[in-house]
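# Structure assessment
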Amino acid sequence: VETLEGDNPQNKLGFRRVRFGVSGNLSGNMRYKIGMDWANPHESAFKDVYLGWKDLPLLQTLLVGNQKRPYGLDHLNSSRFNVFLERPFIIEAYNQDARRWGLVSYGVSEDQAWNWRYGLYNSRDISGSGNYVNDHGSLEFAGRLASTFWYDEASGGRGYGHFAVAGTHAEVDEDSTETRFRTRPEARSNNRWLNTGTIADATTYDMLALEGVLNFGPVQMVGEIQNSWMTLNSGQLVHTHGAYAYVSYFLTGEHMPWKRSGGTLDRIKPHEEFFMVRTADGKTARGIGAWQLAARWSMADFSDVLTISGHSAVGVIANSFTLGVNWYWTANARVQFNYIIGDIDRDGTGANVANYEIIGSRFMVDF
């Protein structure tokens, strides 16, 4: 780990997200949203910043501005509802920070069994600068088609099944960081341990993703696989890929709610909120909140970039296993604990592997 994080890796204490925003409807059928993140006081960044229209014929909802690209369930889920501290290798590496400037349509069938989103994006992340200036358009077309093929109405959605296919085709500037896939070790390290480096002579890349969810009361199983094919000026095709799977279980009987209109996780609501108060007779009344256990396997393989003549990378293969405990105090507050064990391969040969263990926790409130 010292070779990836520095000579003397340090413990870390700080703010992960500090977000404020406004959203609402304007006269007619217009809507808007503005969200800002102040976790780093010296480098604030905007997140969802868009305006648009709802209840349109054919297009249903049409938004223009900064919004999430439609691949990777774990990115489309709000970080307020995700089960683990950080997103898996492949999800963050292929879609770093997720949001891009785009013109995007969102739709859902009348019975909510199908939902879709698709649009045209600029693939450069401008959340810190606010604009993109370049002769190259850096355009990508991306979409996702999802189905909630089973939803148990009688139990209030305690049972459901979901699958989706998503993908993108991107034209990239060969000198930009759009051709670099990188991510941290599923925890908030200083450096990105998995990092292909910028692939200078890339022209396009395509990505295909598959995802699935099954939920049976307190038990949930989730899995995703993503593949990317990058084309170089020389005609060489570079293939990278990754996947993850996890299972979670509520000890206290709750379930992970599902938002059918968007094909994503929804807000967890404890059967009993956590509290501890002194009663009038001098005794103590308490509630236990909701308790959830979870385990995740995750991998990413970017070793094919080393077939490019003269190219090197910080890390190209990653594997990890995470155990998580989540304690939901209320529907709007929780604490999370993760234990992560993993390894990073820096050359794709099985040699020079960095092994690591990480213990992390997060306290969170949203409203």
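Everything here concerns the structure above.
No experiment lies behind these values; they were computed from the predicted model shown.

## Examining the nonpolar core
Core analysis: the largest hydrophobic core is formed by 58 residues, its most contacted members being Met230 and Phe302. Contact partners of Met230, with chain neighbours within four places excluded, come to Thr179, Phe181, Ile199, Ala202, Thr204, Tyr205, Gln236, Leu237 and Val238.

## Description of empty space enclosed by the protein
Applying the stated criterion across every chain yields a total of three cavities of 30 Å³ or more. When its volume is computed, the largest cavity comes out at roughly 70 Å³. Residue lining of the largest cavity: Arg80, Phe81, Arg267, Ile268, Tyr328, Thr330, Ala331, Asn332, Ala333, Arg334, Met364 and Asp366, and that is the complete set. Of all the secondary-structure elements, those providing two or more residues to the lining of the largest cavity are strand S19 (317-330) and strand S20 (333-345). For the lining of the largest cavity, a count of residues per class yields six nonpolar, two polar and four charged. The computed volume of the second largest cavity comes to approximately 50 Å³. As for the second largest cavity, its lining consists of Arg17, Ser79, Asn82, Phe84, Leu85, Glu86, Arg87 and Arg362. When the residues that make up the lining of the second largest cavity are grouped by side-chain class, the tally is two nonpolar, two polar and four charged.

## Here we look at the pairing of strand S1 (residues 19-25)
Counting buried residues in S1 gives zero out of seven residues, a small share hidden from the surface. Looking at chain direction, S1 and strand S2 (residues 30-37) are connected through seven bridges and run antiparallel. Bridging from a neighbouring strand, Asn25 pairs with Arg31 of S2. Where S1 folds back onto S2 in an antiparallel hairpin, the turn is made up of four residues, including Gly28, whose phi is positive at roughly 80°.

## Quick look at the pattern of salt bridges
Side-chain pairs of opposite charge can arise whenever the charged atoms involved come near each other. Going through the model one piece at a time under the given rule, you end up with 13 salt bridges. Across the salt bridge formed by Glu211 and Arg144, the nearest N and O atoms sit 2.6 Å from each other. Taken together, the residues span a long stretch of sequence, with Glu211 in strand S11 (residues 202-216) and Arg144 in strand S7 (residues 139-151) at a distance of 67 residues. The same class applies to Glu211 as to Arg144, namely buried. With a shortest N-O distance of 3.7 Å, Glu186 and Arg296 are connected by a salt bridge. With Glu186 in the loop between strand S9 (182-183) and strand S10 (194-195) and Arg296 in strand S18 (residues 290-301), the pair connects residues that are 110 residues apart, well separated along the chain. Overall, the relative accessible area of 3% leaves Glu186 in the buried class. Arg296 sits in the buried class, given a relative accessible area of 2%.

Procedures and definitions
Residues numbered from 1 in each chain as written. Predicted model: local features only at pLDDT ≥ 70, side-chain atom pairs only at ≥ 80, totals over all residues. Heavy atoms only, no water. Core = buried A, V, L, I, M, F, W, Y, C linked by side-chain atoms within 4.5 Å. Buried < 20%, exposed > 50% of the residue type's maximum accessible area, 1.4 Å probe, protein only. Contact = heavy atoms within 4.5 Å. 1 Å grid on protein atoms, 1.4 Å probe; cavity = no way out; pocket = protein on both sides within 12 Å on 5 of 7 lines; lining within 4 Å. Points joined across faces, edges and corners; volume = space filled by probe spheres on them. Helix = DSSP H or I, 4+ residues; strand = E, 2+ residues; numbered from the N terminus. Nonpolar A, V, L, I, M, F, W, Y, C, P; charged D, E, K, R; others polar. Pairing = 2+ DSSP bridges. Salt bridge = Lys/Arg side-chain N within 4 Å of Asp/Glu carboxyl O.

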